[in-house]
Structures are given as structure tokens and as C-alpha cells.
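What follows is the residue order along each chain.
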Amino acid sequence: MSLLIIKKLYFLYILNLLCVFMLIVLGCDNSNEDKKSESNNFNNNHTMDEVQSSVSMNKGTLNLEVGATETLTLIITTTISYNNTIIWTSADDSFASISEDGVVTAISAGIVLITGRTADNKFSADCSVTVTERETCDGLPNCVIYQGKARTYMINVPNCYTSDSPAPLLFDFHGHGSNSFEQSYFSGMRELSNEKCFIALWPQGLNNSWNAESCCPPSSVTDVDDEGFVIALIDKISNEYTIDRKQVYASGISNGGGMSHLLGVKQSDVFAAVAPFALPLALLHGTDFVATSVIVFQASDDEVIPISGYNGVSGEDSFNAWKNANGCIGNPVELLTESVDVDCRVYTDCTNDVETAYCVVPGDHVIYDNVPGVSLTSIAWDFMSRFSLD
């Protein structure tokens, strides 16, 4: 009896040991599965939260003329490894092709998508390329290509001109919304060019506007380089005619007057004198500024560009800005004209013997004929032509 009990107890003991063993084994397996699950969760969270990746092109859009080239770059920022070999493709090689180095070449007019991707296809970005026909001066007698644009002008070469004698050159800039043709006829510079024997030039602004910095859109908004265009024109005309580069002058009305101000300040080593009409402008100058003679005309009843202030600058403000820029001292004196209706004052004691003048006349914005019997253009020319560059 006791032996049987002992056997039963031994059997139960062995059975308990087996149960404990099974619990341990199963517990370890569950623990491993839990750990695997936790590890997967960690990796997933780590990938989403800690791996930062971005890809972009150095240019999302590109405008090219036929024949032009531009280099694209794929910019990748990531904390994971990838095949950094870049593969470039063009959606249509007939519009624009791209080399292995990312150089786009414009082929024909149209729009095409250029794609850069890594060899493992993990990253890619696109650039939309618009190709336009290259502008030319074909059929345009008075034209120069500047920054890819066909820029035109009108010119008057007086009968008195001979290639043996260098002639003065005057730029006459049209106002905003006007054009070179209109300016060439209503400013009076054409007749004066024939009478005084200087070459007159009427450049055409893009979209009938000039980038005179403070004025006027769209050229001032799109940052058209009209200043550079004018210098390119001087070079072109100097190659075609005998120009006295010491006697280059600028005038103009309204937005064109702003161009005259601008050139007098920023191209003071090119222009001997300027005569802005109907636009007061306060001017700042850099270290390269050279004192420049200027005569500014403003209409007292101008409602377009009020003499009392345009962009916070009045006619007197403009006069004082030029006085300070030119280093004038003392008090202004009266500049005698043909009519008491033309009120002109001039500083004559200025740096490098330049002069700074300001004239106020009655009437409205289109100022040239505001005083019957008086040619404001002649007053402007007579003043400017007394000065030349050293």
C-alpha cells in the first residue's frame, strides 16, 4: 500500500515537472514573439519618425530660347542609403534634351518635363521646361538683341552729320504707355536734332515701360535691365556712326524722365548731363557716382505726377537730392529763359563745375507745350550741351 502511494506521488511529481517545463518553454516563445513584435514596432516608428528624406530640383521651372542651355541639379537630403547615380530623362527630346550631367539643351518651341531620378528609383523630381523661339532682328532696321530680346529704337541723323566730325548723342525716353514713335514727334527733339546737329535716339521700352526702379510696371516689376540695354545701344550706335562719347545725354518724360534720372546717377561716367521731364525723383548714389549736370522740369498742375509728391517725393525734394549728390553749395540763382512763366533756379557752385537746375512751368503732365511760344526742349538742350565728360 505504501509502495503504491509512493509510485503515485512519484508520477505526480514527474507530471508537475513536465507542466513546469512546458510553461517555461511556452513562456519563452511568447516572450520572443512579443520582443519581435516590439522590435518591428520600433523599426516602423523609427522609419517614420526619425528618417528624414527630401528631394528637389534646383529649378522647378525653366524658360529657355532655342539653342540655349542650362544645368539642372537633383538635390537629395536623407538619412537612409541610396544609389546616388542620377539618371536624367526628357519626356520629349524634340523640345529639349538633357545630358548625363544634367545639361538641358533647348531644341524647339514647346513645353517638356525633365525628370531626374536615382538609379534605385527611390528619389525623383521634375522640372518643367518652356522653350521659345529665339528672337531676332530680322526685318527690323533699328534693333539690337539684348538679353535674348529684340530691342528696337528710332533714330534721327541730321543732314549736317559727317563721319569726319564726332556728333553728340541724345536719348529721348517715352513715358509709360507711350512709345518711341510718339515721343519722337511730340517732344520736339527731332526738329532740334536737325537744327543743332546732334543724333537723337528714341529707344522702345518693353511693354511700353521702363525699369526706372521706382517706376514703372511691368518693366520695374520684372526687373528688366533697361540700364544695360541703353549702354548696349550706345556701343551699337558708336560702331555705326562717329559719336562723341564725351557728349552723350539723356532726356525723357514721366517714366522716361525716371530713366533720365537713373542714368544720370548710375551711369554718371557715361552721360554728361540729363534733363528729366515730369517726374521728381529722390536719388541716392554709390561710391562710383560722378557729379552730373541736371535740369529737371515739372508742371505745377500735373495731376498724374503731382509736383507736391510722387511716392513721397516732391519736386523740391528731387531738386535738393540732386543738389546734395552734386555737392552744390550756396544758394540757387535764377536761370533766365524766354518767358516769365518758366521759373528756373540753378546751383552753379557744384563739384567738378557741374550745375543743378530745376524748372517749374504751368500746366499739366504732358509738359512740352505748356508754355506757348517757348520750347522747353530747347532750354533742356541748351543747358545739357554746355557740359561734356572730362
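Residues numbered from 1 in each chain as written. Predicted model: local features only at pLDDT ≥ 70, side-chain atom pairs only at ≥ 80, totals over all residues. Heavy atoms only, no water.

(A) Quick look at the overall build of the protein. Looking only at helices and strands, one finds 7 helices and 19 strands in the protein. Of all intrachain contacts in the protein linking residues separated by at least 6 positions in sequence, the fraction that spans at least 24 positions is 63%. On the protein, roughly 20100 Å² of surface is accessible, and the fraction owed to carbon and sulfur atoms is 52%. (Helix = DSSP H or I, 4+ residues; strand = E, 2+ residues; numbered from the N terminus. Contact = heavy atoms within 4.5 Å. Areas by Shrake-Rupley, 256 points an atom, 1.4 Å probe, with all protein chains shown as cover.)

(B) Seen up close, the environment of asparagine 121. Tracing the sequence through the fold places asparagine 121 in the loop between strand S8 (110-118) and strand S9 (124-132). By relative accessible area, asparagine 121 is classed as exposed at 54%. For asparagine 121 and tyrosine 82, which are 39 residues apart along the polypeptide, the C-alpha to C-alpha distance reads 9.0 Å. Polar contacts involving the side chain of asparagine 121 include one to the side chain of arginine 117, which spans 2.8 Å. (Buried < 20%, exposed > 50% of the residue type's maximum accessible area, 1.4 Å probe, protein only. Polar contact = N/O pair within 3.5 Å; in protein donor to acceptor, adjacent residues only side chain to side chain.)

(C) Region of the structure containing helix H6 (residues 315-325). Every buried residue of H6 is accounted for by Gly315, Ser318, Phe319, Ala321, Trp322, Lys323 and Ala325. Summarising the contacts, the buried residues of H6 are in contact with helix H5 (255-266), strand S15 (273-277), strand S16 (293-299), strand S18 (343-347) and strand S19 (356-361). Note on H6: the residue one or two positions beyond its end, glycine 327, has a positive phi of about 65 degrees.

(D) Region of interest: the packing of aromatic side chains. Scanning all chains against the criterion turns up 15 aromatic pairs. An angle of 25 degrees between the planes, with centres 3.9 Å apart, marks the rings of phenylalanine 198 and tryptophan 381 as stacked. Here tryptophan 381 lies in helix H7 (residues 376-384) and phenylalanine 198 lies in the loop between helix H3 (189-196) and strand S13 (199-203), a separation of 183 residues in the sequence. Note on phenylalanine 277 and phenylalanine 297: the rings are 4.4 Å apart at their centroids and 5 degrees apart in plane angle, and the pair reads as stacked. Placement of the pair is phenylalanine 277 in strand S15 and phenylalanine 297 in strand S16, with a sequence separation of 20 residues. Accessibility classification places phenylalanine 277 together with phenylalanine 297 in one group, the buried group. Three or more aromatic residues link up through ring pairs in this structure, and these residues are Phe171, Phe173, Trp210 and Phe271. Sitting over the ring of phenylalanine 229, arginine 151 keeps its end group 3.9 Å from the ring centre. (Phe/Tyr/Trp six-rings, centres within 6.5 Å; stacked < 30°, edge-to-face > 60°. Lys NZ or Arg CZ within 6 Å of the ring centre and 35° of its normal.)

(E) Local environment of the sheet that holds S8. With mixed pairing, 4 strands are arranged side by side in an open sheet as S2-S9-S8-S5. Every interior strand has two partners, whereas the edge strands, strand S2 (61-65) and strand S5 (86-90), have only one. If you compare each strand with its neighbour and ignore which way they point, the axes differ by 25 degrees on average. By the bridge criterion, 5 bridges tie S5 to S8 in an arrangement that is antiparallel. Following the sheet pairing, serine 90 is matched in S8 by isoleucine 114. (Pairing = 2+ DSSP bridges. Axes fitted to C-alpha atoms, helices over the stretch in contact; angles between N-to-C directions.)

(F) Focus on the packing of helix H4 (residues 226-240) against H5. At a minimum axis distance of 11 Å, the contact between H4 and H5 shows a crossing angle of 75 degrees. Between H4 and H5, the interaxial angle falls into the category roughly perpendicular. Facing Asp226, Glu227 and Val230 of H4, the residues of H5 in contact are Met259, Leu262, Leu263 and Lys266. Here the residues of the contact of H4 with H5 are counted per class, giving 4 nonpolar, no polar and 3 charged. (Parallel < 35°, antiparallel > 145°, perpendicular 65-115°, else oblique. Nonpolar A, V, L, I, M, F, W, Y, C, P; charged D, E, K, R; others polar.)

(G) Broad picture of the pattern of salt bridges. Taken as a whole and assessed by the stated rule, the structure comprises 10 salt bridges. Linking glutamate 316 and arginine 345 is a salt bridge whose minimum nitrogen-to-oxygen distance equals 2.3 Å. Of this pair, glutamate 316 sits in helix H6 while arginine 345 sits in strand S18, and the two are 29 residues apart along the sequence. (Salt bridge = Lys/Arg side-chain N within 4 Å of Asp/Glu carboxyl O.)

(H) Spotlight on the state of the cysteines. Scanning all chains against the criterion turns up 5 disulfides. What pairs with cysteine 137 in a disulfide is cysteine 143, and their sulfur atoms sit 1.9 Å apart. One disulfide, between cysteine 137 and cysteine 143, carries an S-S torsion of -65 degrees and so falls in the left-handed class. Each sulfur in the disulfide pair cysteine 160 and cysteine 197 lies 2.1 Å from the other. One disulfide, between cysteine 160 and cysteine 197, carries an S-S torsion of 130 degrees and so falls in the right-handed class. Of this pair, cysteine 160 sits in the loop between strand S11 (149-156) and strand S12 (167-173) while cysteine 197 sits in the loop between H3 and S13; the two residues are 37 residues apart in sequence, bridging distant segments of the chain. Accessibility expressed as a relative area gives 36% for cysteine 160, which makes it partly exposed. Of the residues examined, cysteine 197 reaches a relative accessible area of 27% and is grouped as partly exposed. If you count the bonded cysteines of the protein from the N-terminus, they pair up as 1-2, 3-4, 5-6, 7-9, 8-10. (Disulfide = S-S within 2.5 Å.)

(I) Representation of the confidence of the model for the protein within the structure. Within the protein, residue pLDDT values average 87, and 85% of them lie at 70 or more. Taken as a whole, residues 23-49 scores under 50 in pLDDT and shows 2 contacts with residues more than four places along the chain or in a different chain. (pLDDT = per-residue confidence, 0-100.)

(J) Local environment of the nonpolar core. Judged by nonpolar contacts, the single largest core of 41 residues is most densely connected at Leu169, Phe171, Phe173, Leu201, Val230, Ile234 and Phe271. A per-element tally of this core places H4 first, with 6 residues. Those residues in contact with leucine 169, other than ones at most four positions away along the chain, are Ile199, Leu201, Ile234, Ile237, Ile243, Gln247, Val248 and Tyr249. If you look at the next biggest cluster of nonpolar residues, it comprises 33 residues, including Cys344, Val346, Val361 and Phe387. (Core = buried A, V, L, I, M, F, W, Y, C linked by side-chain atoms within 4.5 Å.)

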